[in-house]
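# A look at the structure
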Amino acid sequence: MQGSSLEQEFSSNSGQRLEVTVGGDEGSLRLDRVLAVLRPELSRSRLKALILAGSVTAKGGPIRDPAYHVAKGDTITIDVPEAAPPEPGAEDIPLDITYEDDDIIVIDKPKGLVVHPAAGHETGTLVNALIAHCGLSLSGIGGVKRPGIVHRLDKDTTGLMVVAKNDRAHASLTAQFADHGRTGPMQRGYMAFIWGVPTRQRGTVDAPIDRHPYAREKMAVRESGREAVTHWELREAFSGRDGKPVASLLACQLETGRTHQIRVHLSHIGHPLMSDTVYGSHFKTKAGHLGPKAQAALTALGRQALHAYLLALEHPRTGELLHWEAPLPEDLLLLQSALEAAL
């Protein structure tokens, strides 16, 4: 590339160090996009992960913001750690299977189950369970670390997930999730227990989501973010022990699929999920307005009160419209019952 240069590469047992110099003609000044042009052998997702991990340095220090603007002549160093060789292995983890055929499998994910291997969760994941259940049929579909996975739920969010069992199903499901029901039959519905009671019966949160500017493990509503749309409808309102409204149950549907989307959006409008320690920690005092039973149920919950209850899609092979609903898990049923009792 004219005006840019690739510097010497250093290798060691611990990985590889790459150096590049910005030529100014890469088509963008964003760090992640410049690196994608200069080091095409590294995927965009891989580069983003390296940036967020502090493995990309410029001007004497690590740059952790993928949107950081570089300048012509800047020298950027990328420390690429040694590739993690282990592929996910089969583990005998029970699965609650809602539907299965030769193309897809739909499971009702329990709380505490991480979807795919990552730092700190190399084993005991849904992927490990799927490999044990489906065998070699998942191999290579959608990548080694995420075979067959086309969407995810947070570790402590329960509910319905669909997984592809072959390349044809993976391509179809990926397209359907990208469309999110705008032109097709895809539906993803969630039950969300929130603090407070909205003043309207239904509404839409249309607010872009991006990485939080300071807390990198969080997401936030930011103008620089990607489009994110969540529709909600009030299903039930709950009063506290003083008789005043204190919490609600919403049914939410996604029109986009951003990380932590429902959690971020509901917090953004002042109604964070109950027991969400990341996006609703400032609502801890609200629990004092609950009755003793509801307080006990909330303490026992120990996770954000969110459940993926609805999933509808077009079968990737037959074109048939498939629809599933998963009832609230026991911990959320206990919370709902205690909130209704208001004692």
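Residues numbered from 1 in each chain as written. Predicted model: local features only at pLDDT ≥ 70, side-chain atom pairs only at ≥ 80, totals over all residues. Heavy atoms only, no water.

## Comments concerning the nonpolar core
The following threshold applies: We call a set of buried Ala, Val, Leu, Ile, Met, Phe, Trp, Tyr and Cys residues a nonpolar core when their side-chain atoms join them within 4.5 Å. Per-residue accessibility, obtained with a 1.4 Å probe over protein chains only, is compared with the maximum for each type, and a residue is labelled buried under 20%, exposed over 50%, and partly exposed between these values. Under the DSSP-based scheme used, a helix requires at least four consecutive residues in state H or I and a strand at least two consecutive residues in state E, with every element numbered from the N terminus. A contact between two residues is defined here by any heavy atoms of the two lying within 4.5 Å.
L126, Y190, C252 and L266 are the most contacted members of the largest nonpolar core, which has 29 residues in total. For this core, the secondary structure elements donating two or more residues are β8 (104–109), α3 (126–134), β9 (158–164), β10 (187–195), β14 (229–239), β15 (245–254), α5 (261–268) and β16 (306–314). With residues near it in sequence (within four places) discarded, L126 still touches L95, I107, L113, V114, V115, I149 and M161. F193, F283, L301 and A338 belong to the second-largest nonpolar core, a separate cluster that totals 24 residues.

## Quick look at the pattern of salt bridges
Filter applied, for reference: A side-chain nitrogen of Lys or Arg and a carboxyl oxygen of Asp or Glu constitute a salt bridge if their distance falls within 4 Å.
Enumeration according to the criterion identifies 15 salt bridges in this entry. Between R152 and D154 there is a salt bridge, with its nearest N and O atoms 3.4 Å apart. By relative accessible area, R152 is classed as partly exposed at 41%. By relative accessible area, which is 13% here, D154 ends up buried. Between E227 and R182 there is a salt bridge, and its shortest N-O distance comes to 3.4 Å. Placement of E227 in the loop between β13 (219–221) and β14 and of R182 in the loop between α4 (167–179) and β10 is noted, with a sequence separation of 45 residues between them. When salt bridges with common partners are traced through the structure, they connect R152, D154, R263 and D276 into a single cluster.

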